[in-house]
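Per-entry structural report
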Amino acid sequence: MPKTQSVRSRDLALLENLWREPVERYVLPNGLTVLLKLDTSAPVSSVQVWVKTGSIHEGIALGAGLSHYLEHMLFKGTERRAGREISATVQAHGGYINAYTTFDRTVYYIDLPSVHTNVAIDLLADATLHSTLPAAEVTKEKDVILREIDMCLDDPDQRLSQALFETAFRDHPYRQPIIGHRDVFAAITREDLVAYYRARYVPNNLVVVIAGDFEPAATKAAIAEHFGKAPRVRLAPVLVPEESLQLSRRDQHLYEDVKVSRAGLGWQIPGLTHPDAPALDMLAMVLGNGDSSFLWQSIREKARLVHSIDAMSWSPGTSGLFYISYLSDPDKRLAAEQAILSELQRIEKKGISAAALAKAVRQVVTSEVNMRKTMSGQASRLGSGEVVVGDINYTRRYFEQIFALTPADLKRVMRTYLVPEKLVVVSSNPLASADAGDAGKQRAATTLDFEEIKLPNGARLLLQPNKKLPNLHLRLAFAGGPMFEVSGRAGSTSLMATMLTKDTTKRSAEAVAQAIEEVGGAFHDFSGNNSFGLVSEVLPSDVELGLELMSDAILRPAFKSVRLEIEREASLASLKESLDDVVSVGRKKMREKFFGGHPFAIESGGDEKSLHAIQISDLKTLHKKLTVAGNAVLAVAGDFDPQKLVPNLKAFLAKLPKGNVSRLDVTFKSATGEFVEIQPRQQAIVFQAFRGPGLLAEDYIVSEVADELFSGMSSHLFERVREEKSLAYFVRSNRIVGLEAAMFYFFAGTSPERYEEVIAELNLEIARVQKGKVTKEELLRCQTRLKAGKRMGMQTNSARAQGAALNAVYGLPVNDWRTYDARIDAVTLTDLQAFARKYFQRPERVQLVVKPEPSAPTA
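As a starting point, this report considers the structure included with it.

**Topic: the packing of aromatic side chains**
- Taken as a whole and assessed by the stated rule, the structure comprises 35 aromatic pairs.
- Between the aromatic rings of Trp267 and Phe322, the centroid separation amounts to 6.4 Å while the plane-to-plane angle is 65°, which identifies the pairing as edge-to-face. Here Trp267 is found in strand E8 (residues 261-270), whereas its partner Phe322 is found in strand E10 (residues 319-328), with 55 residues between them in sequence. For the pair Trp267 and Phe322, a shared accessibility class is recorded, and that class is buried.
- Taking the centre distance of 5.8 Å and the plane angle of 55° together, the rings of Phe730 and Phe747 count as tilted. Taken together, the positions of Phe730 in strand E20 (residues 728-737) and Phe747 in strand E21 (residues 742-750) put the pair 17 residues apart, joining distant regions of the chain.
- Residue classification places Phe730 among the buried positions, given a relative accessible area of 17%.
- Judged by its relative accessible area of 7%, Phe747 is buried.
- Each residue in the set Phe690, Phe710, Phe744, Phe746, Phe835, Tyr839 and Phe840 is aromatic and connected to the rest through ring pairs, giving one cluster.
- Directly above the aromatic system of Phe526 lies the positively charged group of Arg475, at a separation of 4.9 Å from the ring centroid.
- Between the NZ or CZ atom of Arg587 and the centre of the ring of Phe747, over which it lies, the distance is 5.5 Å.

**Focus on the pairing of strand E15 (residues 522-527)**
- Direction of pairing for E15 relative to strand E16 (residues 531-538): antiparallel, over a ladder of six bridges. Of the residues in E16, the one forming a bridge with Ala522 is Glu537.
- Counted between consecutive antiparallel strands, the loop separating E15 from E16 contains three residues.

**Focus on helix H18 (residues 509-517)**
- For H18, the complete set of buried residues consists of Ala509, Val512, Ala513, Ala515, Ile516 and Glu517.
- The inward-facing, buried residues of H18 abut helix H11 (294-302), helix H13 (354-370), E15, E16, helix H19 (543-555) and helix H20 (561-578).

**Observations regarding the environment of Glu757**
- Turning to its location among the elements, Glu757 is positioned in helix H27 (residues 755-770).
- Owing to a relative accessible area of 36%, Glu757 belongs among the partly exposed residues under this scheme.
- A C-alpha to C-alpha distance of 53 Å links Glu757 and Ile516, two positions 241 residues apart in sequence.

**Remarks on unusual backbone geometry**
- Positive phi is not limited to glycine here, since Leu133 has a value of about 50°.
- Looking at Leu133, the relative accessible area reads 1%, which means it is buried.
- You will see that Arg304, though not glycine, has its phi angle at about 60°, which is positive.
- Tracing the chain through its elements places Arg304 in the loop between H11 and strand E9 (308-314).
- Take Arg304: its relative accessible area is 23%, and that puts it in the partly exposed class.

About the thresholds
Residues numbered from 1 in each chain as written. Predicted model: local features only at pLDDT ≥ 70, side-chain atom pairs only at ≥ 80, totals over all residues. Heavy atoms only, no water. Phe/Tyr/Trp six-rings, centres within 6.5 Å; stacked < 30°, edge-to-face > 60°. Helix = DSSP H or I, 4+ residues; strand = E, 2+ residues; numbered from the N terminus. Buried < 20%, exposed > 50% of the residue type's maximum accessible area, 1.4 Å probe, protein only. Lys NZ or Arg CZ within 6 Å of the ring centre and 35° of its normal. Pairing = 2+ DSSP bridges. Contact = heavy atoms within 4.5 Å.

Below is the structure:
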């Protein structure tokens, strides 16, 4: 049997095991559809309500954003509950609640410990079927969404996305933004909202999906009780017009206040259920998915015309887009466009190899496996099949079509759809570049504990076998980051980590990417303030390749000069891209002012000056210094046999040179004062920063609770600033944390006219905590949320391996999850008050306001 056919047969058998996991589908007498998937592998449930209505279903109000408006309003009050009661109840039960709106659906979901599944059913039924849409809240939330629309207008990626859709579609409602046009949305009344709610939020237009470790009989009874009593309602059909035939190329080019060019080429394609959809999906993966893809290699690596490039086939309904997007320097955008079109012509003429197609097929097999890592992912997969496709078993048919594809099929869809007359070209460019000439039901026998093995050379191996899913994650971690870097070379750890995943003495960067992507795996780096490392995630049958690539990267890196220039350019482009986001700009400025001469003053990715200064010799020296045995931790989680794999893991780690590392011994005194940064934006961002405890501090656990206290939809700060006063679209706290040094900061997005009110509210909230006015209920909410978040954050092999590896690197207990609940529960109201008094001292505060230039007075 040929190798490709053998792999496909094995992969099909693997997927068959997943598809055989039972899913119960039934319909209540009132028309409500229910999908239930029992999974006892983790004590978590995801309860989701899919409403078959999105922005394309808004009828005469098309472009008003009614669906998105309703998404915001459904947690504002019901016949039984006050608005804040909903999120407070969720958090009191350790859950996470959220929602999202797309073109064709609105989804509400709660992820929480499975013992509280019925609580989530009750809450979501109450919100979706019995919301009262209070008049005061409707008015208040309109201001919030207007601010959100302004935020979208500040985001160049959002602006480019809207340019693409309004250029590609002339008749289809896809051309209208999901959030709505500002003027049209502003004219919406409460009566419009109520009428839309009553027409579309009816049981015969809802799908309830639950995945997790629930009790079936009790769950069905709860669904019947809370959803089954609502009467079936006449559901009027909504006309969604077909898109007319495009006859010639269309362009839209934006010239605005950005630093780099974002651009894309799109072609209209048919929808998800069309027979050509699988071939178009595979074509997108072959052309632009991963570092070994055709376009990445030809346009980025060889031609050096772009910093990043990818391709996607987007086909949610009856129409879609095949889209190639790229990031480039402004003076290379047109050349990149021409090179992409030329490369497509070359590929279409030459054809696509069976090996390239096999790699793409393996990638979607891996994606299908990864979709099932969490309860939320499993529920989403079912909801999408039911609501978008109309068949929860569609995945099986889809993969049958995928496995039957030949290279000739990909060549055929290229010739059919990627044609000049159907091309749409959009771009966002700096103002200076404007040119008028531009055109399983069984409980898995697994443990959350990692076994720790220390090798003679000092390297540590962490093992967690888990047979639940055919997935294997390897994470190699080292201490690293700003505290280990030479002055003037900020970002060298991040750049070095990226270089390690590229060229080795055995393989070129292209060959590395080709090797991992043809088995549908992932191989990448990570880096941050305190650590860096490599990640290899594969199907269990490919573990030898995953370990080989990791071993070569660490033991035999090539550190080629040409690669340094390519990755340096990409890092600089990423830095420029971040400067287009006003929150990122403010955070960078805040960090500089707060940390002063400390290495943390610059983000771990470096700044422009330091990136330009880094040389190959710097990276080699840093690599030699940090990749030593005493600094290495390899965590392995997933489907593996320890007896077979551990000898290979030990053999790899034994090859690391002996040695230990020490970080810089730096003390710092944070800056103090109030600063203003002028940015050409429509919104204002307020930052307040204070010193905080590092990871190794005794009161670090209190900072965990304090951060939760100031964050979330039911926090006192959020309710006061956003809900009661409508002063900000977002407001919360966050931290930048090292082992010893840390910054605890607050930030909020508001209007330029009201930022002083936001500052006053931040000061009041800090004073409230310092005075001991936090209630027992608030503390309990924080503790419940943090403990539940810890559990839900340990669902995947990757998350567990990351947590264990970093704990080991930082000198913390590898299996600290065992004591996490007790440490959180031990935090008292007195601890929070003492924490606020110790750290939130106004004389030691750094305050930064990012705002636009004040408008000139009119005569």
